[in-house]
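One-letter residues, chain by chain:
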Amino acid sequence: MPSDVIQWFPGHMAKTKRLISESLPLVDVVIELLDARIPKSSKNPDLEELAGTKPIITLLNKSSLADPSASDRWKKKYASEGRVLIITDCVSGKGLGELEEEVKKVLAEKIQRYNDKGMHGRTLKAMVLGIPNVGKSSLINKLCGRKAANVENRPGVTLTKQWVKTSIGLDLLDMPGVLWPKFDDRTIGENLAITGAIKDTVLQKDEIAMVLCARLKKRYPALLCERYGLDAEEIEDLDGYDIFELIGRKRGILSKGGEVNFDRCSTMLLDEFRKGVIGRVTLE
């Protein structure tokens, strides 16, 4: 993993952390979005400390791209720890019907206090947090029933905080997507790169595509073989580089000299993974 991925925008992270800390007194609850394909890698390790006493509701988003059995295991893990996790897909709206109910549950005491003071139906406020490209804008637009936030399949679109009203009596504070400045685990940086949380221009795309090939061989060999016309025995002793080369040749992604075109092959592989063309895959 290149060093410029390990050290990722420390100044931007510090600014966003300040923005979160300054804005927390304005909200009742924090809605955290994780990428269902990489639930551990997409979780900000500082969130609990930043949130303080504010309750956190976690959405395991992009679930239509992830292995459903793995998502279910993550949900059970959170439940066993007394934490709230909802499996969602903010493009289709799957799972979002549970959000209003969970907000009312975690804020039941506060809502009761409002009611006791005659403040029935008071609008609740939530902060929406997550890494770049995890689906925060899609969540907001789905809850609003209109396009209130920019949605693009690339990181870094939301750059400032903005308040948005929803149809479920909840005002959302959309925050910039944030990555922590240092990854203690190389695998986390690789996972973020594979799923597109880190801009492709920042790293060696072909290296990341080769890492993806190795991960797929280990975790989902049948999907890998089916998509790219490979044989399980054929790739048994191959590493990520060799599998990458083999796929490039089978697809005919070659330069004039007959060598695999690394740029085109890596673009194809990463695009197909991110769109779910290879299959429903969870990397951790």
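Scroll up for the structure.
Remember, it's a predicted structure, so these values are computed and weren't measured experimentally.

Asks: Where do I start with helix 4 (residues 68–80) in this structure?
Replies: Think of an α-helix as turning once every 3.6 residues; residues three or four places apart then point the same way. Over its 13 residues, helix 4 extends 18 Å from the first C-alpha to the last, a length consistent with the 18 Å expected when each residue adds 1.5 Å. Where helix 4 is buried, its residues meet strand 1 (29–35), strand 2 (56–61) and strand 3 (84–87). Downstream of helix 4 by one or two residues, Gly82 has phi in the positive range, about 75°.

Asks: Would you mind going over the sheet that holds strand 3 with me for this structure?
Replies: Note on sheets: strands pair through backbone hydrogen bonds, and any given pair is parallel or antiparallel. With mixed pairing, 6 strands are arranged side by side in an open sheet as 3-2-1-4-6-5. Across the chains shown, the open sheet's two edge strands, defined by having one partner strand only, are strand 3 and strand 5 (162–165). Strand after strand, the sheet turns through a mean of 25° between neighbouring axes, direction not considered. Relative to strand 4 (residues 124–130), strand 1 runs parallel, the two being bridged by 5 bridges. Counted as the bridge partner of Ile31 is Val128 from strand 4.

Asks: Would you take a moment to explain unusual backbone geometry for this structure?
Replies: With the exception of glycine, the majority of residues adopt a negative phi angle, and the majority of peptide bonds are in the trans configuration. In this model, Lys62 sits at a positive phi of 60°, which is unusual for a non-glycine residue. Tracing the sequence through the fold places Lys62 in the loop between strand 2 and helix 4. Taking the relative accessible area as the measure of exposure, Lys62 reaches 15% and is therefore buried. For Asn133, which is not glycine, the phi torsion reads 65° and is therefore positive. Locating Asn133 in the fold gives a position in the loop between strand 4 and helix 7 (136–144). According to the relative accessible area criterion, Asn133 is buried, its value standing at 15%.

Asks: Got a minute to help me understand the packing of helix 8 (residues 186–195) against helix 13 (residues 262–274) in this structure?
Replies: Packed helices, taken two at a time, are described by the angle between their axes plus the distance between the axes. Helix 13 packs onto helix 8 with a crossing angle of 85° between their chain directions and a minimal axis gap of 9 Å. Taken together, the axes of helix 8 and helix 13 lie roughly perpendicular to each other. Across the interface between the two elements, Ala193, Ile194 and Thr195 of helix 8 pack against Leu270, Phe273 and Arg274 of helix 13. Split by residue class, the contact of helix 8 with helix 13 holds 4 nonpolar, 1 polar and 1 charged.

Asks: Before we go on, may I ask you to explain the side chain of Asp67 in this structure?
Replies: For Asp67, the position within the fold is in the loop between strand 2 and helix 4. No salt bridge is formed by the buried Asp67, whose closest oppositely charged neighbour, Arg73, lies at an N-O distance of 5.2 Å. A distance of 2.8 Å separates polar atoms of two side chains, one belonging to Asp67 and the other to Tyr220. Contacts of Asp67, omitting those with residues within four sequence positions, involve Tyr220, Arg280, Val281 and Thr282.

Asks: What exactly am I supposed to notice about the nonpolar core here?
Replies: Nonpolar side chains in soluble globular proteins tend to be buried together. With 62 residues, the main nonpolar core has Ile31, Leu59, Leu139, Leu230, Ile247 and Leu269 as its most contacted residues. By residue number, the principal contributor to this core is helix 9 (residues 205–219), which donates 7 residues. Judged by nonpolar contacts, the second largest core, of 12 residues, contains Leu47, Met127, Leu173 and Met175.

Rules used throughout
The residue count restarts for each chain, going from 1 along the sequence in the order it is written. It should be noted that, the model being predicted, local features are given only for residues of pLDDT at least 70 and side-chain atom pairs only at 80 or more, the latter also being counted only at that level, while totals for whole chains, interfaces and linings use all residues. To obtain the side-chain values, all non-hydrogen atoms of the structure were used and water was disregarded. Runs of E in the DSSP output that reach at least two residues are strands. Runs of H or I that reach at least four are helices, and both are numbered from the N terminus. Here the expected length of a helix is defined as 1.5 Å per residue gap, with one fewer gap than residues. Residues count as neighbours in contact if any of their non-hydrogen atoms are within 4.5 Å of one another. The pairing criterion for strands is at least two bridges between them, as found by DSSP. Helix axes are fitted only over the stretch in contact, all axes being lines through C-alpha atoms; the angle between N-to-C directions runs from 0 to 180 degrees. Burial classification: accessible surface area is computed with a 1.4 Å probe over protein chains only, and a residue below 20% of its type maximum counts as buried, one above 50% as exposed, and the rest as partly exposed. Should an angle lie under 35 degrees it is considered roughly parallel, over 145 roughly antiparallel, and from 65 to 115 roughly perpendicular; all remaining angles are considered oblique. Classes in brief: Ala, Val, Leu, Ile, Met, Phe, Trp, Tyr, Cys and Pro nonpolar; Asp, Glu, Lys and Arg charged; the others, Gly included, polar. Asp and Glu are treated as the negative residues and Lys and Arg as the positive ones, with His and the ends of the chain left uncounted. Salt bridges, as used here, are contacts in which a Lys or Arg side-chain nitrogen is within 4 Å of a carboxyl oxygen on Asp or Glu. In protein, a polar contact requires one atom able to donate a hydrogen and another able to accept it; more generally it is a pair of N or O atoms within 3.5 Å, and residues adjacent in sequence count only if both atoms are side-chain atoms. Note on terminology: a nonpolar core comprises buried Ala, Val, Leu, Ile, Met, Phe, Trp, Tyr and Cys residues joined through side-chain atoms within 4.5 Å.

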